[in-house]
Amino acid sequence: MIYEPCTVRSPRIHVYTSNADRVADIREMLESANYDTACSPLPTAVTQDAVEDVDLIVLDGPAHSENRVISFCEELQHRMAERFIPVIFVADDAGPVLRVFTSRVGTDGHVI
């Protein structure tokens, strides 16, 4: 019996960030760990393609403009429909923005 080698695709992570200075750092870190990474500004319009082939969504959250980001997250959840995609929120501190996201938006985890 001959076994064919199988190929495993890298997990796809889409990072949304409001801090353009961190995009290169985030992408470099994830790609060095063999993740297939895409980055977009936060908030941005959520397309169906943005959630179609994604395994994880990372939100690098702002310290301000939380209402715009909450609207973005609500739209993101609507686009995901019945598909489960984990959402991780990255915050600079454990202030009010983090509390709003974890309670109102329902992120699956957070990193401070």
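Criteria and cut-off values
- Numbers given to residues run from 1 along each chain, matching the order in which its sequence is written.
- Per-residue local features of the predicted model are confined to residues with pLDDT of at least 70, and side-chain atom pairs are confined, for both listing and counting, to 80 or more; whole-chain, interface and lining totals are unaffected and use all residues.
- Side-chain numbers here rest on the full set of heavy atoms in the structure, without hydrogens or water.
- Here the term buried applies to any residue with accessible area under 20% of the maximum for its type, exposed to any over 50%, and partly exposed to those in between, with areas from a 1.4 Å probe on protein chains only.
- Runs of E in the DSSP output that reach at least two residues are strands. Runs of H or I that reach at least four are helices, and both are numbered from the N terminus.
- Paired strands are those between which DSSP finds at least two bridges.
- Along the chain, pLDDT gives the predictor's confidence residue by residue, from 0 to 100.

### Some details on the pairing of strand S3 (residues 56–60)
The element S3 is largely enclosed, with a buried count of four among its five residues. Both strand S1 (residues 12–17) and S3 contribute to a ladder of five bridges, which runs parallel. Bridge pairing in S3 links Ile13 to Leu56. Bridge analysis of S3 against strand S4 (residues 87–90) gives four bridges, and the strand direction is parallel. Each bridged residue has a counterpart across the sheet, and for Leu59 the counterpart in S4 is Phe89.

### Some remarks on the confidence of the model for the protein
In regions of low pLDDT, the predicted coordinates are not meant to be interpreted in detail. Averaged over the protein, the pLDDT score is 75; the fraction of residues at 70 or greater is 72%. Averaged over each element, pLDDT in the protein is lowest for strand S5 (residues 109–111) (54) and highest for S1 (87).

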